[in-house]
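Spelled out, the chains give:
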Amino acid sequence: MAKTARNKVFTPSTEEKKAVFHNSLWYEIAFTFGVPVHDPTDYCQGEAINFSRMGHARVLYTFLETKTKNRSQDDVLAEDYGFPVESINLPSEDRIRLNKDLFHLTYARLRHTPATKPWPNSILSNSLEPCLKFMEYISNQRELFYSDEEFARWIDLIECLKSGREL
């Protein structure tokens, strides 16, 4: 990984961008929107799936919305790939949920009632369109893909997400 001097903005190399794209992006997208086969009557399975999906969604929000000048350490950002960054329309309460309730045990959780405790669908639904825009943008950068099979897998994921079919 490229070293940075104190207070210097991290700039990934072309090789790092390609490697992290290959290693992580399909995975983050598929595990945000995918639902594994499970027993819908098992609360624990459902909770584990929802928690996982929200964690991956949180990763994608930072990836898609953060400008490189605001990068935290060595975070991977959509702007690294030339994708224009813009804010995703997400209600402020949903942002608080992702930033406070997901990976922090806080007293603020007491604000929830049985009706407001379930994770809102808007967290996933509001990230779908920006994610698809990024994916379609990337599909024009064939040099990022190690093989035709990897590229076909990327296109299949785009088509599946557009169709509304479960992954």
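Note: the structure precedes this text.
These numbers come from a predicted model, not from an experiment. (Residues numbered from 1 in each chain as written. Predicted model: local features only at pLDDT ≥ 70, side-chain atom pairs only at ≥ 80, totals over all residues. Heavy atoms only, no water.)

Scanning all chains against the criterion turns up eleven aromatic pairs. Pairing Tyr81 with Phe134 gives two aromatic rings, centres 6.2 Å apart and planes at 75°, and the pair type is edge-to-face. Of this pair, Tyr81 sits in the loop between helix 2 (43-65) and helix 3 (92-101) while Phe134 is found in helix 4 (residues 122-138), placing the two residues 53 residues apart along the sequence. Classification of Tyr81 as buried rests on a relative accessible area of 5%. Residue Phe134 is classed as buried on the basis of its relative accessible area of 1%. A connected cluster of aromatic rings, assembled from ring pairs, spans Phe21, Phe63, Tyr81, Phe83, Phe134, Tyr137, Phe145, Phe151 and Trp154. Above the face of the Trp119 ring, Arg97 is positioned so that its terminal group lies 4.3 Å from the ring centre. Residue placement shows Arg153 over the ring face of Trp26; its charged tip is 3.7 Å from the ring centre. (Phe/Tyr/Trp six-rings, centres within 6.5 Å; stacked < 30°, edge-to-face > 60°. Helix = DSSP H or I, 4+ residues; strand = E, 2+ residues; numbered from the N terminus. Buried < 20%, exposed > 50% of the residue type's maximum accessible area, 1.4 Å probe, protein only. Lys NZ or Arg CZ within 6 Å of the ring centre and 35° of its normal.)

For helix 3, the complete set of buried residues consists of Asp94, Arg97, Leu98 and Asp101. For helix 3, the angular spread of buried residues about the axis comes to 115°, placing them on one side. In this fold, the buried residues of helix 3 make contact with helix 2 and helix 4. (Arc of directions from axis to C-beta. Contact = heavy atoms within 4.5 Å.)

Position of Asp94 among the secondary structure elements: in helix 3. No salt bridge is formed by the buried Asp94; the nearest opposite charge belongs to Arg97, separated by 6.2 Å. A polar side-chain atom of Asp94 sits 2.3 Å from a polar atom in the side chain of Ser122. Discounting chain neighbours no more than four positions away, the residues touching Asp94 are Pro120, Ser122 and Ile123. (Lys, Arg positive; Asp, Glu negative; His and termini not counted. Salt bridge = Lys/Arg side-chain N within 4 Å of Asp/Glu carboxyl O. Polar contact = N/O pair within 3.5 Å; in protein donor to acceptor, adjacent residues only side chain to side chain.)

Looking now at the pattern of salt bridges. Here the structure, examined in full by the defined rule, presents seven salt bridges. As a salt-bridge pair, Arg111 and Asp101 come within 2.9 Å of each other at their nearest N and O atoms. With a gap of ten residues between them, Arg111 in the loop between helix 3 and helix 4 and Asp101 in helix 3 connect regions that are remote in the sequence. According to the relative accessible area criterion, Asp101 is buried, its value standing at 6%.

Moving on, we get to the nonpolar core. Counting 32 residues, the largest nonpolar core has Ile29, Phe134, Met135 and Trp154 as the members making the most contacts within it. Contributions of two or more residues to this core are made by helix 1 (14-33), helix 2, helix 4 and helix 5 (148-163). Looking at this core, the element that brings in the most residues is helix 4, giving seven residues. Leave out the neighbours within four places in its chain, and Ile29 touches Leu60, Cys131, Met135, Trp154, Leu157 and Leu161. (Core = buried A, V, L, I, M, F, W, Y, C linked by side-chain atoms within 4.5 Å.)

To continue, consider the packing of helix 2 against helix 4. Orientation of helix 2 relative to helix 4, taken along the N-to-C sense of each, is 45°, at an axis distance of 10 Å. By the angle between their axes, helix 2 is oblique relative to helix 4. Classified by chirality, the crossing of helix 4 by helix 2 is left-handed. Of helix 4, the residues touching helix 2 (which contributes Arg53, Met54, Ala57, Leu60, Tyr61, Phe63 and Leu64) are Ser122, Ile123, Leu124, Asn126, Ser127, Pro130, Cys131 and Phe134. Classifying every residue of the contact of helix 2 with helix 4 by side-chain character gives eleven nonpolar, three polar and one charged. (Axes fitted to C-alpha atoms, helices over the stretch in contact; angles between N-to-C directions. Parallel < 35°, antiparallel > 145°, perpendicular 65-115°, else oblique. Left-handed = near helix turned anticlockwise from the far one by under 90°. Nonpolar A, V, L, I, M, F, W, Y, C, P; charged D, E, K, R; others polar.)

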